Amino acid sequence: MTAFAEFGCLPEITQAVDEMGWLLPTDVQAEAIPLILGGGDVLMAAETGSGKTGAFCLPVIQIVHETLRDKAEGKLEESAAAVSIDSPTWKMNVYDRGDAMAIDKEGLLCQSREMQSWHGTRCNKGVTGKGKYYYEATVTDEGLCRVGWATEKADLNLGTDKFGFGFGGTGKKSFGRQFDDYGEAFGKDDTIGCYLDLNKAEISFSKNGRHLGHAFTIPGHMLQYTFYPAVVLKNAEMKFNFGRTPFDYPPTGGYISLCEAPTNFTITSPNKGSVQKGGAKDAPNAPKAIIIEPSRELAEQTLNQIKLFKKHMTTHCPRDLLIMGGQSAKDQVDALYRGVDIVVATPGRIDDLMSTGKLLLTQVRFFILDEADGLLSAGYGQQINRMWEQIPKITNDGKRLQMVICSATLHSFDVKKLAEKIMHFPTWIDLKGQDSVPETVHHVVCRVDPREDTTWQRNGGKVQTDRVHEQDSVRWGSHDRETLSEGVKILKIDYMVQAIKEHRMDQAIIFCRTKIDCDNCERYLQTMGGGPRAKPDHQLSCVCLHGDRKPQERRENLQKFKDKRVRFLICTDVAARGIDVKGIPFVINVTMPDEKQNYVHRIGRVGRAERMGLAISLVSVIPEKVWYHTCPNRGRGCYNTTLKEHGGCCIWYNEMQYLGDIEDHLGVTIDQVDKSMKVKADEFDGKVTYGQKRKNMGSGYKGHADDLAPAVSELTNLERRAQLSFLELSLKQDFFTAS
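Residues numbered from 1 in each chain as written. Predicted model: local features only at pLDDT ≥ 70, side-chain atom pairs only at ≥ 80, totals over all residues. Heavy atoms only, no water.

Asks: How should I be thinking about the overall build of the chain in this particular structure?
Replies: Looking only at helices and strands, one finds 18 helices and 33 strands in the chain. Relative to its 739 residues, the chain shows a buried fraction of 52%. Long-range contacts, defined as pairs at least 24 residues apart, comprise 71% of the intrachain contacts of the chain with a sequence gap of at least 6. Roughly 33500 Å² of accessible area belongs to the chain as shown, and the carbon and sulfur atoms make up 49% of that amount. (Helix = DSSP H or I, 4+ residues; strand = E, 2+ residues; numbered from the N terminus. Buried < 20%, exposed > 50% of the residue type's maximum accessible area, 1.4 Å probe, protein only. Contact = heavy atoms within 4.5 Å. Areas by Shrake-Rupley, 256 points an atom, 1.4 Å probe, with all protein chains shown as cover.)

This is the structure in structure tokens:
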């Protein structure tokens, strides 16, 4: 039995994997595949080339296949009937909760990892009329919490309006935004008993079995409402017991558990998740899985992997579809209406199809975000939230929506915040840990100062810039912000060319901040005889890779670079995400990224497999005015060079601040070079050939041998003399014996 078969993978998938030469799963596959097959949400970070695409594609294909098979065999109707939103048991309501509130499948464990704000939830049932009721809530992790009773009209932030009554861990009771001292503080491992006496219109609490006394008198007009157990958390976790199991501290005085409440006094919450449950009938254009990729190249790579994994499936084979810009929208819509089970998409085109109703989200079982940090930095956070809100959290067959989020790092604040909001107790698979720079990467910065280097103030032979200063009064010789900013843009390309020539670069990735910067860089290298049509051995041959280039051109350009038919690949962060290009000897950052993780992601492309790599970053010492499009068309045809705070699409970009953030993040001070781009290297007696495999693993080896040579020679002579003495002694002994 193969390792993948031991995970429970189908024989058809195992056969395909064997044919691909995958003898053993990678680390991320070994951890993620069983978790996803088991129904859990997974948050994973791993290097490009680590097999993370297979880690989520394999289990998704298998579960979608099994869903199609069960539907064909008529099993789904039974499963759907067995799962009811109107559960007979008391539990916290997944359809009545804050954005970052997670609730386990039993409905008894609640968690919010949001550190800046409160998130709450209420129970799926409540009591009204009369009676004395009790439940327990235990703090299972450190944080801030408030527990109690709330009506259906109450805000989920319990105790901050006149419809809910809360008792907080700081020893305060709250009602109507009034916080008063009550009882005593509580924390991890403490159990709070929550008492509701509808006969006397009273609410009280206990801590670890000790009653804390009267807390609230319920206003008379509120007794007509239903009272639900409620909680609100800030980076905390609590577990509830409504009486299904024995209480830690059973109540006295005639109080009964909520599970024992008479049915005529029990009300089911109106928040039943009707819009959250899948539709009653499948539709051909309602896929079971959606995988979002930040770039077309990654989307194509993922789809190709899916096709390889399922090629031996002859029955109930999931139908796949690639949805991205640059392709016929009509063909994609036609394919949707013919039927599709797994969609791999880039954000732009899928948003268009969703908004027009051509793609339905009613049957989605898996929602997967690949390179989530790239998606968020590209501004797709709101779209992701919009999609998640539309996807049912329970499907027709009673299965919970599963989320998989992949990221270059799990330590990004934005990724963690997104995961807290949309994932359900995710398991972290972090094979990268905190960011660090590999030992095989030599990274340096070159400061660009247009006040000291005035060579940019020339009449001809300079780069065409991004036109953000077209409306500004740029004057040669002036030191105003706009003029110096224009100077930085010109000098950076000059320094880039100098770096190429100084190090005789034969292959490098050049990172620019925007697509227009990439185009301008390529255009400038063309004026110097390089560009995409130059001969492969030309020093400045290059191609561009970004979202505005047609898909066919992008594929061809990437292949040209891989085949070394051009020397340089000019791209943005988003375009470079996940492309399988290894062992690059050089990277040039024309612009520093504003995300610390992107810096590590960029320079990590050099120096792989024990090959030294050099990353050069060009850092402006003065703020540079750049595009930052907030317009609906995201920059297409936009010429609004006014600053963002005044309704425009430009900002001042402070690279020195970003450099400081990166150095703080990595805990290093990055070496500096001047505009000559000469790099001092200490390894190998100062002789480093970037991109070549390291042959000597230490410097000064020959010199050390020379130092030892006299001692070795003396030892040789001593050994020779010892051997001769031994022979002479042996001969003398033989002589005396014979005589």
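Asks: Even after reading the chapter, I still don't get the packing of helix α3 (residues 27-37) against helix α4 (residues 52-72), so can you show me in this structure?
Replies: The description of two packed helices rests on the angle between their axes and on the distance between the axes. Remark: α3 packs on α4, axes separated minimally by 8 Å, with the N-to-C direction vectors making an angle of 25°. When the interaxial angle is binned, α3 and α4 end up roughly parallel. Where α3 crosses over α4, the handedness of that crossing is right-handed. In contact with V28, Q29, A32, I33, I36 and L37 of α3, α4 contributes K52, G54, A55, F56, L58, P59, Q62 and I63. Classifying every residue of the contact of α3 with α4 by side-chain character gives 10 nonpolar, 3 polar and 1 charged. (Axes fitted to C-alpha atoms, helices over the stretch in contact; angles between N-to-C directions. Parallel < 35°, antiparallel > 145°, perpendicular 65-115°, else oblique. Left-handed = near helix turned anticlockwise from the far one by under 90°. Nonpolar A, V, L, I, M, F, W, Y, C, P; charged D, E, K, R; others polar.)

Asks: What is the right way to read the side chain of E136 from this model?
Replies: Take E136: it is sitting in strand β7 (residues 132-141). Of the side chains with opposite charge, K239 lies nearest to the buried E136, which makes no salt bridge, at 11 Å. A distance of 2.8 Å separates the side chain of E136 from the backbone nitrogen of Y249, its partner in a polar contact. If we skip the residues at most four places from it in the chain, E136 touches T191, I192, K239, F240, N241, F247, D248, Y249 and P250. (Lys, Arg positive; Asp, Glu negative; His and termini not counted. Salt bridge = Lys/Arg side-chain N within 4 Å of Asp/Glu carboxyl O. Polar contact = N/O pair within 3.5 Å; in protein donor to acceptor, adjacent residues only side chain to side chain.)

Asks: Would you mind showing me how to read the sheet that holds strand β20 (residues 320-323) here?
Replies: Paired through backbone hydrogen bonds, the strands of a sheet run either parallel or antiparallel to each other. Read from one edge to the other, the open sheet built from 7 strands follows the order β20-β21-β19-β22-β23-β1-β24, with strand pairing classed as parallel. With partners counted over all chains shown, the strands left at the sheet margins are β20 and β24 (427-430), one partner each. Strand after strand, the sheet turns through a mean of 10° between neighbouring axes, direction not considered. The sheet contact formed by β20 and strand β21 (residues 342-345) spans 4 bridges and is parallel. (Pairing = 2+ DSSP bridges.)

Asks: Just checking my understanding: could you explain α4 for this structure?
Replies: Structurally, the α-helix is built with 3.6 residues per turn, so residues lying three or four positions apart point the same way. Under the 1.5 Å per step criterion, the end-to-end length of α4 is 31 Å for 21 residues, consistent within 8% with the ideal 30 Å. Along α4, 17 of the 21 residues are buried, which leaves the element largely enclosed by surrounding structure. Once α4 finishes, G74 follows within two positions and takes phi at roughly 75°, a positive value. (Expected span 1.5 Å × (residues − 1).)

Asks: Explain the pattern of salt bridges to me, please; I cannot follow it from the model alone.
Replies: Pairing between side chains of opposite charge can happen when the charged atoms of each approach one another. Across all of its chains, the model carries 33 salt bridges by this definition. For K52, the salt bridge identified is with D370, shortest N-O distance 2.9 Å. Of the two residues, K52 is situated in helix α4 and D370 in the loop between β22 (366-369) and α9 (372-377); the sequence distance between them amounts to 318 residues. D370 shares its class with K52; the two are buried. Among the salt bridges present, the one from D519 reaches R549, with a minimum N-O distance of 2.8 Å. Residue D519 is located in helix α13 (residues 515-527), and its partner R549 is located in the loop between β27 (542-545) and α14 (551-562); the two are separated by 30 residues in the primary sequence. The burial state of D519 is the same as that of R549; both residues are buried. Connected through salt bridges with shared partners, the residues D466, K489, K492, E624 and E655 form a single ionic network.

Asks: Before we go on, may I ask you to explain the packing of helix α8 (residues 347-355) against helix α10 (residues 381-390) in this structure?
Replies: Interhelical geometry of α8 versus α10 gives an angle of 40° and a closest axis separation of 11 Å. Classified by the angle between their axes, α8 and α10 sit oblique to one another. Along this stretch, α8 crosses α10, giving a crossing that reads as left-handed. In contact with P347, I350, D351 and M354 of α8, α10 contributes Q383, R386, M387 and Q390.

Asks: Which parts of the structure should I look at to understand the sheet that holds strand β25 (residues 441-448)?
Replies: Taken in spatial order, the 7 strands of this open sheet run β27-β28-β26-β29-β30-β25-β33, and their pairing is parallel. Strands at the two margins of the open sheet, each flanked by one partner only, are β27 and β33 (671-673). On average, each strand axis in the sheet is tilted by 25° relative to the strand beside it, whichever way the strands run. Sheet analysis places β25 next to strand β30 (residues 613-620), joined by 8 bridges and oriented parallel. Looking at β30, one finds that V441 is bridged to G613. The strands that α13 touches are β27 and β28 (568-571); relative to β27, the one it contacts most, it runs at about 170°.

Asks: Would you mind going over the pairing of strand β5 (residues 119-123) with me for this structure?
Replies: The two faces of the sheet receive side chains in turn, since in a regular strand these alternate between them. Judged by how many residues are buried, β5 sits mostly within the fold: 5 of 5 residues are covered. In the sheet, strand β2 (residues 92-97) pairs with β5 via 2 bridges, with the strands oriented antiparallel. When the sheet's bridge partners are listed, R97 is paired in β5 with T121. Here 4 bridges tie β5 to strand β15 (residues 227-234), and the two strands are oriented antiparallel to one another. Bridge pairing in β15 links H119 to L233.

Asks: What am I meant to see in the confidence of the model for the chain here?
Replies: Close inspection of predicted coordinates is inappropriate in any region flagged by low pLDDT. Model confidence for the chain is summarised by a mean pLDDT of 85, while 87% of its residues fall at 70 or above. Highest mean pLDDT in the chain belongs to strand β12 (residues 191-197) (98); lowest belongs to helix α5 (residues 76-82) (42). In this model, residues 274-280 is a region of pLDDT below 50 whose contacts with residues beyond four sequence positions or in other chains number 21 contacts. Low pLDDT (under 50) marks residues 682-686, which in the prediction has 10 contacts with non-local residues, meaning those over four places away or in another chain. (pLDDT = per-residue confidence, 0-100.)

Asks: I would appreciate a short explanation of the pairing of β27 in the present structure.
Replies: Alternating residues of β27 divide into C542 and C544 and V543 and L545, and every residue in both groups is buried. The pairing of β27 with β28 spans 4 bridges and is classified as parallel. Considered in β28, the bridge of C544 is made with I570. A crossover links β27 with its parallel partner β28, the connecting element being α14, and its sense is right-handed. (Right-handed = clockwise from strand over helix to strand, strands pointing away.)

Asks: Looking at this model, I keep getting lost on the packing of aromatic side chains. Mind explaining?
Replies: In this description, an aromatic ring pair is defined by two values, namely the gap between the centres and the angle between the planes. What the rule picks out here adds up to 19 aromatic pairs. Between Y135 and F240 the ring centres are 6.2 Å apart and the planes differ by 35°, which places this aromatic pair in the tilted class. Taken together, the positions of Y135 in strand β7 and F240 in strand β16 (residues 236-241) put the pair 105 residues apart, joining distant regions of the chain. Each member of the pair, Y135 together with F240, is buried. (Phe/Tyr/Trp six-rings, centres within 6.5 Å; stacked < 30°, edge-to-face > 60°.)

Asks: Would you explain unusual backbone geometry in this entry?
Replies: Glycine aside, negative phi is the norm for most residues, and most peptide bonds take the trans geometry. Positive phi values are uncommon outside glycine, yet R177 reaches one of about 65°. Structurally, R177 can be placed in the loop between β10 (172-175) and β11 (178-181). A relative accessible area of 59% means that R177 is categorised as exposed. The backbone of M677 sits at a positive phi, close to 65°, despite the residue not being glycine. Along the chain, the position of M677 falls in the loop between β33 and α18 (701-738).

Asks: Would you take a moment to explain the side chain of R296 for this structure?
Replies: The residue R296 is located in helix α6 (residues 296-309) in this model. The buried charged residue R296 lacks any salt bridge, with D548 as its nearest oppositely charged partner at 6.3 Å. With residues up to four places along the chain from it excluded, the contact list for R296 reads M324, G325, G326, T346, G547, R549, K550, P551 and R554.

Asks: Help me understand the state of the cysteines in this model?
Replies: What makes a disulfide is a covalent bond joining the sulfur atoms belonging to two cysteines. Counted according to the given criterion, the structure contains 0 disulfides. Not engaged in a disulfide, the cysteine C542 finds its nearest cysteine sulfur in C521; these two sulfurs lie 6.7 Å apart. The class of C542 is buried, set by a relative accessible area of 0%. (Disulfide = S-S within 2.5 Å.)

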